[in-house]
Amino acid sequence: MGSKIIVTILGFWGMVGVFWFFLIKKGGEVVINDSADIIVEGGYSPEVVVISKNKTTKINFIRKDENPCLEEVVLSDFKIRKTLPLNRKVTIEITPRKTGEFGYSCGMNMFHGKIIVR
Amino acid sequence: MENSKRTFSIKGMHCASCVSVIERALKEVEGVFDAKVNLALETATVLYDSKNISDEKLSKAVSGVGYEVIFGKEIENQDEEKRKKEIELRQLLHKVFISLILGVLILWGTFPGLMDTAPEILKNFKIQFLLSLPVQFWIALPFYRATISALRHRTANMDTLITVGTSAAFSYSTFVTFFPKIIENIGIEPRPYFDVSTIIIGLILLGRYFEAKAKSGTSEAIKKLIGLQPKTARIVKGGKEIDISIEEVTIGSVIRVRPGGKIPVDGKILEGGSSVDESMITGESIPVDKALGDTVVGGTINKTGTFTYSATKIGKDTMLAQIIQMVAEAQGSKAPIQRLADIVSSYFVPIVIMLAIATFIIWFDFGPQPAFLFALLNSIAVLIIACPCAMGLATPTAIMVGTGKGAQSGILIKDAESLEKAHKINTIVFDKTGTLTIGKPEVTDVIGLERDEKEVLKLAGSLEKGSEHSLAEAIVTSTIEQRIVLSKAKKFKALVGLGVEGEVLGKKLSFGNRKLMANLGIDTNPFEAKIASLENEGKTVMILADGKRLAGLVVVADTLKPTAKEGVEALERLGIKVVMITGDNLRTAKAIAQKLGIEKILAEILPDQKEKEVRRLQFEGKTVAMVGDGINDAPALAAADIGIAMGTGTDVAIESSDITLINKDLKSIASAITLSRKTMRTIRLNLFWAFGYNAILIPVASGILYPFFGLLLNPIFASAAMALSSVSVVSNSLLLRRVKI
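Below or above, wherever it landed, is the structure these notes cover. (Residues numbered from 1 in each chain as written. Chains lettered and ligands numbered in written order. Predicted model: local features only at pLDDT ≥ 70, side-chain atom pairs only at ≥ 80, totals over all residues. Heavy atoms only, no water.)

## Here's the deal with the pattern of salt bridges
Phase 1 of the analysis: Tallied over the full model, the rule gives 36 salt bridges over all chains.
Phase 2 of the analysis: When the shortest N-O distance is used, the salt bridge between Lys 123 of chain B and Glu 120 of chain B registers 3.2 Å. Here Lys 123 of chain B pairs with Glu 120 of chain B, and both are found in helix α4 (residues 120-123), just 3 residues apart, close to one helical turn.
Phase 3 of the analysis: For Lys 123 of chain B, a relative accessible area of 23% gives the class partly exposed.
Phase 4 of the analysis: Overall, Glu 120 of chain B belongs to the exposed group, its relative accessible area being 61%.
Phase 5 of the analysis: Note that Arg 191 of chain B and Asp 195 of chain B form a salt bridge whose closest N and O atoms lie 3.6 Å from each other.
Phase 6 of the analysis: Taking relative accessible area as the criterion, Arg 191 of chain B reaches 19% and is therefore assigned buried.
Phase 7 of the analysis: The structure contains a network of salt bridges with shared partners spanning Glu 71 of chain A together with Lys 85, Glu 88 and Lys 215 of chain B. (Salt bridge = Lys/Arg side-chain N within 4 Å of Asp/Glu carboxyl O. Helix = DSSP H or I, 4+ residues; strand = E, 2+ residues; numbered from the N terminus. Buried < 20%, exposed > 50% of the residue type's maximum accessible area, 1.4 Å probe, protein only.)

## Focus: empty space enclosed by the protein
To find leftover empty space, one rolls a probe the size of a water molecule over the atoms.
Phase 1 of the analysis: Counted under the stated rule, the structure contains 2 cavities of 30 Å³ or more.
Phase 2 of the analysis: Around the largest cavity sit Pro 68, Cys 69 and Met 108 of chain A together with Met 158, Ile 204, Gly 207, Arg 208, Glu 211, Cys 389, Met 722, Ala 723 and Ser 726 of chain B, which together line it.
Phase 3 of the analysis: Examining the composition of the lining of the largest cavity, we find that 4 residues originate from one element, helix α9 (residues 194-218) of chain B, more than from any other.
Phase 4 of the analysis: Its residues placed into classes, the lining of the largest cavity shows 8 nonpolar, 2 polar and 2 charged.
Phase 5 of the analysis: In this structure, the second largest cavity occupies an estimated 60 Å³ of space. (1 Å grid on protein atoms, 1.4 Å probe; cavity = no way out; pocket = protein on both sides within 12 Å on 5 of 7 lines; lining within 4 Å. Points joined across faces, edges and corners; volume = space filled by probe spheres on them. Nonpolar A, V, L, I, M, F, W, Y, C, P; charged D, E, K, R; others polar.)

## Observations concerning the interface of chain B and chain A
Phase 1 of the analysis: Counting residues at the interface gives 49 residues for chain B and 44 residues for chain A.
Phase 2 of the analysis: Note on chain B versus chain A: buried area summed over both sides is about 3800 Å², and carbon and sulfur give 60% of it.
Phase 3 of the analysis: At the boundary of chain B and chain A, one finds 4 salt bridges.
Phase 4 of the analysis: In this structure, Glu 66 of chain A and Arg 145 of chain B form a salt bridge, with 3.2 Å as the shortest nitrogen-oxygen distance.
Phase 5 of the analysis: Where chain B meets chain A, there are 16 residue pairs in polar contact (both at pLDDT 80 or more).
Phase 6 of the analysis: Looking at the side of chain B that touches chain A, the elements with two or more residues in it are α3 (77-110), α6 (141-152), α9, α12 (319-332), α13 (339-366) and α15 (388-408) of chain B.
Phase 7 of the analysis: Partitioned by chemical class, the residues of the side of chain B that touches chain A number 22 nonpolar, 11 polar and 16 charged. (Contact = heavy atoms within 4.5 Å. Buried area = accessible area lost by both parts, 1.4 Å probe. Polar contact = N/O pair within 3.5 Å; in protein donor to acceptor, adjacent residues only side chain to side chain.)

## Looking at the sheet that holds strand β7 (residues 80-83) of chain A
Residues and elements named next belong to chain A.
Phase 1 of the analysis: Spatially, the 6 strands line up as an open sheet ordered β1-β4-β10-β9-β6-β7, and their pairing is mixed. The open sheet has two free edges, formed respectively by β1 (29-31) and β7, since each of these has just one partner strand. Averaged over all neighbouring strand pairs, the angle between strand axes comes to 20 degrees, with direction disregarded.
Phase 2 of the analysis: Examined bridge by bridge, β1 and strand β4 (residues 48-51) share 3 bridges and lie parallel to one another. (Pairing = 2+ DSSP bridges. Axes fitted to C-alpha atoms, helices over the stretch in contact; angles between N-to-C directions.)

## Considering helix α7 (residues 158-178) of chain B
Phase 1 of the analysis: In a regular helix each residue adds 1.5 Å, so 21 residues correspond to 30 Å; α7 of chain B covers 30 Å between its end C-alpha atoms and thus fits that length.
Phase 2 of the analysis: In terms of residue burial, α7 of chain B counts as a mostly covered element, since 16 of its 21 residues are buried. (Expected span 1.5 Å × (residues − 1).)

## Regarding the environment of Ala 645 of chain B
Phase 1 of the analysis: Along the chain, Ala 645 of chain B falls in strand β25 (residues 642-645).
Phase 2 of the analysis: Here the alpha-carbon distance between Ala 645 of chain B and Arg 339 of chain B, two residues 306 residues apart in the chain, equals 28 Å.

## Brief notes about the environment of Lys 561 of chain B
Residues and elements named next belong to chain B.
Phase 1 of the analysis: Structurally, the position occupied by Lys 561 is in the loop between β21 (549-557) and α22 (564-573).
Phase 2 of the analysis: Considering only alpha carbons, one finds Lys 561 and Thr 437, 124 residues apart in sequence, at a separation of 4.9 Å.
Phase 3 of the analysis: Here Lys 561 is in contact with Gly 434, Thr 435, Leu 436, Thr 437, Ile 438, Met 646, Lys 664 and Leu 666, once residues within four sequence places are set aside.

## Quick word on the sheet that holds strand β3 (residues 44-45) of chain A
Residue and element names in this part refer to chain A.
Phase 1 of the analysis: With mixed pairing, 4 strands are arranged side by side in an open sheet as β3-β2-β5-β8. Single-partner strands in this sheet number two, and they are β3 and β8 (89-94).
Phase 2 of the analysis: As judged from the 6 bridges shared by strand β5 (residues 57-63) and β8, these two strands associate in the antiparallel manner. Bridge pairing links Asn 60 to Thr 91 in β8.

## Side note on the packing of aromatic side chains
Phase 1 of the analysis: One pass over the structure, following the stated rule, counts 25 aromatic pairs over all chains.
Phase 2 of the analysis: Considering the side-chain rings of Phe 12 of chain A and Trp 13 of chain A, the 5.4 Å spacing of their centres and the 75 degrees angle between planes classify their relative orientation as edge-to-face.
Phase 3 of the analysis: With a relative accessible area of 45%, Phe 12 of chain A lands in the partly exposed category.
Phase 4 of the analysis: The class for Trp 13 of chain A is exposed, based on a relative accessible area of 55%.
Phase 5 of the analysis: Connected via pairs of aromatic rings, a cluster forms that spans Phe 129, Phe 137, Tyr 144, Phe 170, Phe 178 and Phe 194 of chain B.
Phase 6 of the analysis: In this arrangement the basic side chain of Lys 95 of chain B is found over the ring face of Trp 138 of chain B, its NZ or CZ atom lying 5.7 Å from the centre.
Phase 7 of the analysis: A cation sits over an aromatic face here: Arg 154 of chain B above Phe 21 of chain A, 5.3 Å from the ring centre. (Phe/Tyr/Trp six-rings, centres within 6.5 Å; stacked < 30°, edge-to-face > 60°. Lys NZ or Arg CZ within 6 Å of the ring centre and 35° of its normal.)

Set out below in C-alpha cells:
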C-alpha cells in the first residue's frame, strides 16, 4: 500500500513538473539590429528575436543538431521554407511591413521560435 | 583580390589520411585561404583568391600528392546536399538492419515458445544485455543527443518520447540482469526486456528511413524547376561564338541557340526562328513557333531551328527564376486548415509524457500483478505509440506536392491559403476581353451614312490614334492595312466607358457607344436594326457622329480563344457557375456568351465597376474567383476570393492574383480548382488519420481495452504502428502527384 501512495505522489508531482518544465516557460527576447545568428540545436537560440518594422534584417540559421526534425525551418508568415544543411549558415532576409508576433517552426512543427516586429 | 569558394570532385581517395594530405597540399598553394576535403563525398571545398588562382594551380597541387581533380564534374551545393542525404540514408538503413537483427536474436532467446528453439547462449541475460548495448548507446545515440539539446530549451519532441521509453525498458532490463534476486523478492519473475528496447529503436529508425525517402519526393517539383536552369550560354561577340557561364550573361548579350539546345535566359529573337518546347514552364505539350521579334523563355528547349536572340531578363528576373521563387514561397506558407494541428502539436509531447506517467500510476495502483511490469510496459507503449510527426507533416507535405504539381502544369499558386480557398469556389467571373477572347479585336465592317466608308474609317482612325483602348488599336491597324493616311486629331478626350471625342479636319467628332450618342442627344434609330443584327453576331459596334449628325459605324470583333468553350464546360462539370463580365452592350455580350454556353452575363460594366460586381456576388453569399488578364482587372482580381491571372499576364495582374496560369489554356482554370479540391481532400484525410491515430491508439496503448477484452498493446507493436503512421501521411500526400487535373 505504501509503495502505491509513494508512486502516486511521485507520479503526480512528476506530471506537475512536466507541465511546468515544458509548458510554462518564458524565453528572453534578443533585439536584432541588422543581423543575428540563430543556433539550431534542440530548438532555436535565441528563441525570440525582436526586429524592426520596414527594415531589412538578416537572420542566419546555423544548424548544429543532426536531428532530422530540425533540418527545415518554416517562417510561414514570411512565406519562407528553408532547408538547413548541418553546420552551414543559411541566411534569411526579411523586411516586415507590419508589427506583431510571428512564430516560426521546424518542418514538422515540433520546435518553435518567435520573431517580434516592433 | 576576389574571394571565391568552390567545390570539386577528387578521384583516388580511399582513407582518412588522404583527407589531410590533400587539404595540406591545397592550403600550401599561395592564394588558397582554406581547404576542406570530404572523404564520404570525395570532394574538396576551397576558399581562394579567384583572381590569382587558376584551375591548373589547384589541379597541380592535388595531382602532386597523387590524386586527381575533376573540374568538369563540379558539385553544386544542391547536388552535394543530395549526395550527403543519400549517404545519411544508407547509414540509417545499416543501423536499422543491425538493430533489427540484434533485436530479433534477443527476441528469439526470450519469447515464450520461440525460446525453446534458441541456442542456450541467446537465453543468457548477460548476452542479451551485451547484444542490446550497441543499439541503445550507439545506434540510438542521436535520440539521446536530440533529447538533451531539446531539454536545454525546455522542449520535448519525438526523440524525447523514444529516449524515455527505450531507456526505461533498457534500465529495468539491466537491473533484472544484474540483480535478479531483488526483483524475485518483490514477487516479479526476473525477465529482461532488451528485445523491446532494441526492436523499438530499429522500427522507429526504419520508419524514419521511409519517411525521409518519401519526404524527398514532396519537393521533387521545385527541384525539377531548379534543374531546368541552364548553366552556360553560347554568346556571339565580335563575330565569334563562345560558351560562358550563365552568371556572365548580361542584358543585351546576343545568344545563339542551336537545335536541341536549352534557351539560357529570357529574350527576344533577333535572327532565325524555330519551334520551342515550353512544356516545362507552361505545361502545354505542343511546341510553340518562334520567329523574329518573338520572346523566348529561359529553361525551355529549342527543337529544330537555330536562332540568335538578345537577352532581356537575366538572373532572378527571368520567368523561370520568378516561377521558382513563387513556388518556393507557396511551399513556405501555411494553410489556415493547419492551425488546429499547430496548436495540438505544440502541447502534444508534454501531454503524452503526462499521460504515460498517469498510465504508470493507474496500472501500479489498480492493475493486476505484477502491477509494476504492467505499469512499466503500458507507459512505455504510450510513449512510443504517440506520433506528433504525423500531425506536423499532414498539411505541409500535401501543400508542397500540390503546389509543385500545379507549377508543372503551368498553374502557379501564390500561397497555401489560396490553394485552400480555391476549393470553395462556386462562381467564376470571366473578364471577356483578353480572357475568353484573344484580346486582339479586328475591324470586320465599316458602314458609312451619307459618306464614303473609307472616310468613316479615316475619321475614326485619326480620332483613335491617341487612344490606348484595344478597340482603337484594331481601328488604327485597319487603316494601316488599307493605306489610309490619318489626320491629326485636336482636343482629343477619352470618355471612360463611352468612347472618345475630338476634332479632325475641322470636324467635331464623337466616336463610341450608344450611351455616348444618347448623352449627346443624337438619335441612333436610323441605324438601330443594322446595329442590332451586328451585335447579335457578337460584334462590337462603334458609332461615329459628326457634330450632332450620325456619320457611320465601325464594327469590331474579337476572336474567341480556342479553348474558351471547353474551359467553360469543364468548370460547369465541376458544378461552378460561370459569369461573363464585359463593357460590351448586352446584345453583343449575349451573342458571345451563347457561343460559349455561359448563361449569366454582366454587360455594359465600366472597368472601375468590375470590382463592385465581384463584391455584389460575394454579398449574395457566393465564393467568387475572378479571371482576368491585366491592369484593368487588378482591383477586381484583388477583391475576389481568388484572383486568377491568365496567360503570360502583366506583372500587375500576377501581383494581385492568387493563382497565375502561365499557359493560355482556359481548361487550366478547372485544373487549378480540381488540384485545390484534391489537395484539400488529401490534407483532410491526412489530418483525420494523424489525429485519429493518436486519439485512438494512445488510449489503447495505455490499456483502456484491458478491463473489457483483456487486450494490451505490446510496445513493439506500438513502435511498428508509430513507424508506419508518419510514412503513411507522407505517402498519401505523394499520391497527389498521380492525380489527373
